[in-house]
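Structural overview
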Amino acid sequence: DFEEFWKGTSQRFKKTVRNVRNRLAKTGTVSIEEHRAVAPDSPAFTDLLAVSERSWKARRALAIANMPGMAQFFRELTVHASAGGWLRLWIMRLDGLPVATEYQLEADGRVHALRADFDAAVPDDLSPGTHLSAEIVRALFGRETVYEYDMGPGDNEYKSRWAGASHELARLRVFRPGAYGALLHTVEARVLETVRRVRGEGVPA
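As the structure is a prediction and not an experimental result, all values here were calculated from the model. Per-chain numbering applies: the sequence of each chain, read as written, is numbered from 1 onward. Only residues with pLDDT of at least 70 are given local features in this predicted model, and only at 80 or more are side-chain atom pairs given and counted; all residues enter the totals for whole chains, interfaces and linings. Calculated side-chain values reflect all of the structure's heavy atoms, with hydrogen atoms and water omitted.

Here we come to the layout of surface pockets. Both cavities and pockets are sets of points on a 1 Å grid over the protein atoms alone; in a cavity a 1.4 Å probe fits but cannot get out, in a pocket the set is open with protein on both sides within 12 Å along at least five of seven lines, and lining residues sit with an atom within 4 Å of a point. Grid points are joined across faces, edges and corners, and a volume is the space filled by probe spheres set on the points. In this structure, the second largest pocket occupies an estimated 810 Å³ of space. Lining the second largest pocket are 25 residues, with Y149, D150, M151, A163 and A165 sitting closest to its centre. A run of DSSP states H or I qualifies as a helix once it reaches four residues; a run of E qualifies as a strand once it reaches two. Both are numbered from the N-terminal end. At the level of secondary structure, the elements contributing two or more residues to the lining of the second largest pocket comprise α6 (128-141), β5 (148-150) and α7 (157-162). Broken down by class, the residue content of the lining of the second largest pocket amounts to 13 nonpolar, 7 polar and 5 charged. Lys, Arg, Asp and Glu make up the charged group, whereas Ala, Val, Leu, Ile, Met, Phe, Trp, Tyr, Cys and Pro make up the nonpolar group; the residues left over, Gly among them, are polar.

Here it is, written out as structure tokens:
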């Protein structure tokens, strides 16, 4: 159960999570919502986009709200996921204002986190993302139908603090034989990779 899991985490980590919770409580009223049926024109979806627009990802055009095609993709996904019973949209509010979100799909006992965002204007010491993660983990431990919480790809430090294990992910690209396939391989493997490194886009987000 959650208490057994919590005892297995480091004292430093426990202290960090408790301090964040206490600081938030002193700042205002904190509430956590989980939505399982959301319409693209609903207040919940609007809040998802609003937090995305205020996240650090927005400055790099990587947010749901401003990455080309991303908002429409999530609108359509939300319709299908709501109808299929897979959607889990978490929203954390501070005095009613949405400050952190996590968009999940759940199926066959696994919860997959697709996107997590927090309002970059919130002071760092309040860490709304940390608090939302803690509340999500606590809630999932209480559900007998869930046995795995996949926090998404990327070897991020905040994920390793919660994780009990990890999956190795591999990316496989296949190019057809011939000059055209060789050209595509060269562009993909050398030119684009060099551009990503120069721009700093090779760092997992």
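Moving on, there is more to tell.
Working definition: with a 1.4 Å probe on protein chains only, accessible area under 20% of the residue-type maximum means buried, over 50% means exposed, and in between means partly exposed. Extensive coverage of strand β2 (residues 87-94) is indicated by the burial of 8 of its 8 residues. Residues of β2 alternate between two faces, with L87, L89, I91 and R93 on one and R88, W90, M92 and L94 on the opposite face, all of them buried. Only strands that DSSP links by at least two bridges are regarded as paired with each other. Relative to strand β3 (residues 97-107), β2 runs antiparallel, the two being bridged by 8 bridges. The partner of L87 across the bridge, within β3, is L105.

Take the pattern of salt bridges next. Just to be clear on terms, a salt bridge is a Lys or Arg side-chain nitrogen sitting within 4 Å of an Asp or Glu carboxyl oxygen. For the coordinates displayed, the defined rule picks out 11 salt bridges. Note that E157 is salt-bridged to R161, the shortest N-O span being 3.0 Å. Here E157 and its partner R161 are both found in helix α7, 4 residues apart, which amounts to about one turn of the helix. Owing to a relative accessible area of 55%, E157 belongs among the exposed residues under this scheme.

Let us now look at the nonpolar core. Among the nonpolar cores identified, the biggest contains 24 residues, and Y149 and W162 are the most heavily contacted of them. When residues of this core are traced back to their parent elements, those giving at least two are α1 (2-7), α2 (11-27), β2, β3, β4 (110-118) and α6. Among the elements that take part in this core, α6 stands out by supplying 5 residues, more than any other. Ignoring anything within four residues of it in the chain, the contact list for W162 reads F5, W6, F13, V17, S133, A134, V137 and M151. Core analysis: the second largest hydrophobic core is formed by 15 residues, V38, A44, L49 and I91 among them. Residues belong to one nonpolar core when they are buried, are Ala, Val, Leu, Ile, Met, Phe, Trp, Tyr or Cys, and are joined through side-chain atoms within 4.5 Å. We call two residues in contact whenever any of their non-hydrogen atoms come within 4.5 Å of each other.

Moving on: α2. In this scheme, a helix's expected span is set at 1.5 Å multiplied by one less than its residue total. Its 17 residues place the ends of α2 24 Å apart at the C-alpha level, agreeing with the 24 Å of an ideal helix rising 1.5 Å per residue. Within α2, burial applies to F13, K14, V17, V20 and L24. Down the axis of α2, the sector holding all buried residues measures 130 degrees, keeping them to one side. In this structure, α2 carries Q11, R12, K15 and K26 as exposed residues pointing more than 90 degrees from its buried face. The inward-facing, buried residues of α2 abut α1, β1 (30-35), β2, α6 and α7. Working note: the arc is built from the helix axis to C-beta atom directions.

For the rest of this paragraph, the subject is a positive patch on the surface. A surface patch of like charges, here positive, comprises K15, R18, R21 and R138. By the element assignment, R18 lies in helix α2. For R18, a relative accessible area of 34% corresponds to the partly exposed category. Patch building starts from residues that exceed 30% relative accessible area and form no salt bridge, then joins like charges within 9 Å and nonpolar side chains (Val, Leu, Ile, Met, Phe, Trp, Tyr) within 5 Å. Per-residue and other accessible areas were derived by the Shrake-Rupley procedure at a 1.4 Å probe size, with only the shown protein chains allowed to occlude residues. Here the positive residues are Lys and Arg and the negative ones are Asp and Glu; neither His nor the chain ends is included. The atom standing in for a charge is NZ when the residue is Lys, CZ when it is Arg, CG when it is Asp and CD when it is Glu.

Another point: the sheet that holds β5. In spatial order, the strands read β1-β2-β3-β4-β5; together these 5 strands make up an open sheet with mixed pairing. Each edge of the open sheet carries a strand with a single partner, namely β1 and β5. Recorded for the sheet is a direction-independent mean angle of 20 degrees between the axes of neighbouring strands. In terms of strand pairing, β4 meets β5 through 3 bridges, oriented parallel. Within the sheet, the bridge partner assigned to V111 lies in β5 and is Y149. Each axis is a line fitted through C-alpha atoms, taken for helices only over the stretch in contact, and angles between the N-to-C directions span 0 to 180 degrees. Across the face of the sheet, helix α3 (residues 43-53) comes into contact with β1, β2, β3 and β4 while running at roughly 115 degrees to β3. Contacts between α6 and the sheet are confined to β1, β2, β3, β4 and β5, with β3 contributing the most and set at about 35 degrees to the helix.

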